[in-house]
Amino acid sequence: MPAPKNKLKSAILSGKMQYGLWLGLASAGVAEMAGGSGFDWCLIDGEHGPNDLPRIEEQLRALAGLPTSAIVRVPESDDWLLKQVLDLGAQTVLVPMVETAEQAANVVAACKYAPEGRRGVGYALTRASNYNAISDYAKTANKEVCVIVQVETLSAMKNIPQIARVPGVDCVFIGPADLSADMGYLADLNHPEVLAVIAQGMTDIAAAGVAAGTIAFSEIDQKRFVGQGGTFLGVAADVTLLQSALQETVSAFKKG
């Protein structure tokens, strides 16, 4: 029995548009609701969300069996952390603050078993192999792991031609918030200079033949990204959706 097929990776590699939701509330209940609502993917945010390994596992369980694919964004690219997240059963990881091709290659190596990488071999004890019930897990897991690297500084954007060509990198994700801050335009994601850098980055990703991703909540930003050839798009977050709904509900009552 091989490792489960990663349908999100297959869709990304085929160029099919994939829309998703950011999960920042660290809630298995919210993850379960989101997973049944029609998104292609839900991302469990371990960088800015209050998530530890047990909470990540709870949300992976909540999403299991639902139509939506699970992604885990780790807080950093340490081998031990990627190993544990993969052992929990995540098949797709998003790694922030990747600056160079060398760093991207290290991320890929941390996610793959030898000879393609150096992921620690302890699958028999883990949820990823269904606690050793998946007999061919070790031999088939590498093929189903999807690696998304996040570029979010000006220097990283300039290195996209090399980063995107690292074997095993399936998607390059542009982080507009940190990029705008790094360029001196904090919270001004649509500054013309920021947009110009992103446009060049999109061209470079396309030239490398891998998928391009970002997060964009406004319709204008979403259309621009899709028009530039992006196929992996975060369109909302549980935090902002809830906050907006709460404010609108209170406002409606007060107006009444």
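Our subject is the structure that appears above.
Keep in mind it's a predicted model, so treat the numbers as computed, not measured. For every chain, the first residue of its written sequence is number 1, and the numbers climb from 1 along that sequence. Side-chain atom pairs in this predicted model are given and counted only at pLDDT of 80 or more, local residue features only at pLDDT of at least 70, and totals for whole chains, interfaces and linings cover all residues. Just so you know, side-chain values use all the structure's heavy atoms and leave hydrogens and water out.

Before going further, it helps to examine the pairing of strand β6 (residues 171–174). Accessibility here uses a 1.4 Å probe with only protein chains present; expressed as a share of the type maximum, an area under 20% marks a residue as buried, one over 50% as exposed, and anything in between as partly exposed. Secondary structure counts use DSSP, requiring at least four H or I residues in a row for a helix and at least two E residues in a row for a strand, with both numbered from the N terminus. Here β6 shows two buried faces, one formed by Cys171 and Phe173 and the other by Val172 and Ile174. Here β6 pairs with strand β7 (residues 211–215) via four bridges, running parallel. Note on β7: the bridge partner recorded for Phe173 is Gly213. If DSSP finds at least two bridges between two strands, the strands pair.

Time to look at the packing of helix α4 (residues 79–87) against helix α5 (residues 101–111). To get an axis, fit a line to the C-alpha atoms, keeping to the stretch in contact for a helix; angles then go from 0 to 180 degrees between the N-to-C directions. Running from N to C, α4 and α5 cross one another at 40 degrees; their axes reach a closest spacing of 9 Å. Put simply, α4 runs oblique to α5. Where α4 crosses over α5, the handedness of that crossing is right-handed. Between α4 and α5, the residues in contact are Asp79, Leu82 and Leu86 and Val107, Ala110 and Cys111, respectively. Residues of the contact of α4 with α5, tallied by class, amount to five nonpolar, no polar and one charged. Note on angle classes: values under 35 degrees are labelled roughly parallel, values over 145 roughly antiparallel, values of 65 to 115 roughly perpendicular, and the remainder oblique. Helix crossings fall into two classes, left-handed where the near helix is turned counterclockwise from the far one by less than a right angle and right-handed where it is turned clockwise. The contact rule is simple, with two residues in contact once any of their heavy atoms fall within 4.5 Å. Residues were grouped as follows: Ala, Val, Leu, Ile, Met, Phe, Trp, Tyr, Cys and Pro as nonpolar; Asp, Glu, Lys and Arg as charged; and all remaining residues, including Gly, as polar.

This brings us to the pairing of strand β1 (residues 18–23). The element β1 is extensively covered by neighbouring structure, given that five of its six residues are classed as buried. As paired strands, β1 and strand β8 (residues 232–237) are joined by five bridges and run parallel to one another. Residue pairing across strands places Gln18 opposite Phe232, the latter belonging to β8. In terms of strand pairing, β1 meets strand β2 (residues 41–45) through four bridges, oriented parallel. Each residue of the ladder has a partner; that of Leu21, found in β2, is Cys42. In this region the chain leaves β1, passes through helix α2 (residues 28–35) and returns to the parallel neighbour β2; the handedness of that crossover is right-handed. Orient the strands so they point away from the viewer, and a crossover whose first-strand-to-second-strand path over the helix runs clockwise is right-handed.

What follows concerns the packing of α2 against helix α3 (residues 53–63). Between α2 and α3, whose axes approach to 8 Å, the crossing angle comes to 30 degrees. Classified by the angle between their axes, α2 and α3 sit roughly parallel to one another. As α2 runs across α3, the sense of the crossing is right-handed. Mapping the contact onto sequence places Ala28, Ala31, Glu32 and Gly35 in α2 and Glu58, Gln59, Ala62 and Leu63 in α3. When the residues that make up the contact of α2 with α3 are grouped by side-chain class, the tally is four nonpolar, two polar and two charged.

Our next topic: the packing of aromatic side chains. We call Phe, Tyr and Trp rings a pair once their centres come within 6.5 Å, taking the six-membered ring for Trp, and we label the pair stacked below 30 degrees between planes, edge-to-face above 60, and tilted otherwise. Counted under the stated rule, the structure contains seven aromatic pairs. With a centroid separation of 6.2 Å and 70 degrees between ring planes, the pair formed by Tyr113 and Tyr123 is classed as edge-to-face. One end of the pair, Tyr113, is in the loop between α5 and α6 (137–144); the other, Tyr123, is in the loop between α5 and α6, with ten residues separating them in the sequence. Here the aromatic rings of Tyr123 and Tyr137 are separated by 6.0 Å at their centres, their planes lie at 40 degrees, and the arrangement is tilted. With a gap of 14 residues between them, Tyr123 in the loop between α5 and α6 and Tyr137 in helix α6 connect regions that are remote in the sequence. The exposure class assigned to Tyr123 is partly exposed, which follows from its relative accessible area of 22%. Site record: aromatic cluster; members linked through ring pairs are Trp22, Trp41, Phe173 and Phe232.

Any functional reading would require information beyond the geometric quantities listed.
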